[in-house]
Amino acid sequence: ATSSTGGASWMLLGRVGDSPLPGCGYWAGPAGAVTATGLGEEIARRLLCRAVYDWIAAGDSPEQACRKGVALYPKEIPIGLLAVGKESRAYCANRDMAVAVGE
């Protein structure tokens, strides 16, 4: 799994967002990998990537799992998820967000 952040310039000095936190900004295991972007504090509160990964491991497709993850949040909280499984990959967000997925 990999994760990136643009950061947030208005946050307090020393703030740690979700990107470097396992289970929050990223998670990977034998079933696949998940990375998130959006409001880090909200992503961290729900261990979002771990939850999405667990749904994939339980049999959901990456698309189903990503949609479930985004649905946990109201529209005013920006959330985007990218997930890969053994057979497919998916991206889902609750607003327009840039994404690139290689073949």
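1. Structural notes on the packing of aromatic side chains
Part 1 of the argument: By the definition in use, this model includes zero aromatic pairs.
Part 2 of the argument: Looking at Arg-46, its charged tip hangs above the ring of Tyr-73, at a distance of 4.7 Å from the centre.

2. Focus on the pairing of strand β3 (residues 79–85)
Part 1 of the argument: Here strand β2 (residues 32–38) runs beside β3; their pairing, made up of seven bridges, is antiparallel. Within β3, the position partnered with Thr-37 by the bridge is Gly-80.
Part 2 of the argument: Both β3 and strand β4 (residues 89–93) contribute to a ladder of five bridges, which runs antiparallel. Within the sheet, the bridge partner assigned to Val-84 lies in β4 and is Arg-89.
Part 3 of the argument: Here β3 folds back onto β4, and the loop between the two strands holds three residues.

3. Remarks on helix α3 (residues 62–71)
Part 1 of the argument: The complete set of buried residues in α3 reads Pro-62, Ala-65, Cys-66, Gly-69 and Val-70. Looking down the long axis of α3, one finds its buried residues gathered within 135° of arc, a one-sided arrangement.
Part 2 of the argument: Next to the buried residues of α3 lie α2 (48–57), β3 and β4.

4. Things to note about the sheet that holds β4
Part 1 of the argument: Strand order in this open sheet of four strands is β1-β2-β3-β4, and the pairing throughout is antiparallel. Sheet topology places β1 (26–29) and β4 at the edges, where each strand pairs with a single neighbour. Recorded for the sheet is a direction-independent mean angle of 10° between the axes of neighbouring strands.
Part 2 of the argument: Relative to β2, β1 is paired through four bridges, and the arrangement is antiparallel.

5. With respect to the confidence of the model for the protein chain
Part 1 of the argument: In this model, the protein chain carries a mean pLDDT of 85, and residues with pLDDT of at least 70 account for 73%.
Part 2 of the argument: Mean pLDDT values for the elements of the protein chain range from 86 in helix α1 (residues 40–45) up to 97 in α3.

6. Thoughts on the environment of Ser-88
Part 1 of the argument: As for its placement among the helices and strands, Ser-88 is situated in the loop between β3 and β4.
Part 2 of the argument: Taking the relative accessible area as the measure of exposure, Ser-88 reaches 35% and is therefore partly exposed.
Part 3 of the argument: With 26 residues separating them in the primary sequence, Ser-88 and Pro-62 have C-alpha atoms 6.7 Å apart.

Basis of the calculations
Residues numbered from 1 in each chain as written. Predicted model: local features only at pLDDT ≥ 70, side-chain atom pairs only at ≥ 80, totals over all residues. Heavy atoms only, no water. Phe/Tyr/Trp six-rings, centres within 6.5 Å; stacked < 30°, edge-to-face > 60°. Lys NZ or Arg CZ within 6 Å of the ring centre and 35° of its normal. Pairing = 2+ DSSP bridges. Helix = DSSP H or I, 4+ residues; strand = E, 2+ residues; numbered from the N terminus. Buried < 20%, exposed > 50% of the residue type's maximum accessible area, 1.4 Å probe, protein only. Arc of directions from axis to C-beta. Contact = heavy atoms within 4.5 Å. Axes fitted to C-alpha atoms, helices over the stretch in contact; angles between N-to-C directions. pLDDT = per-residue confidence, 0-100.

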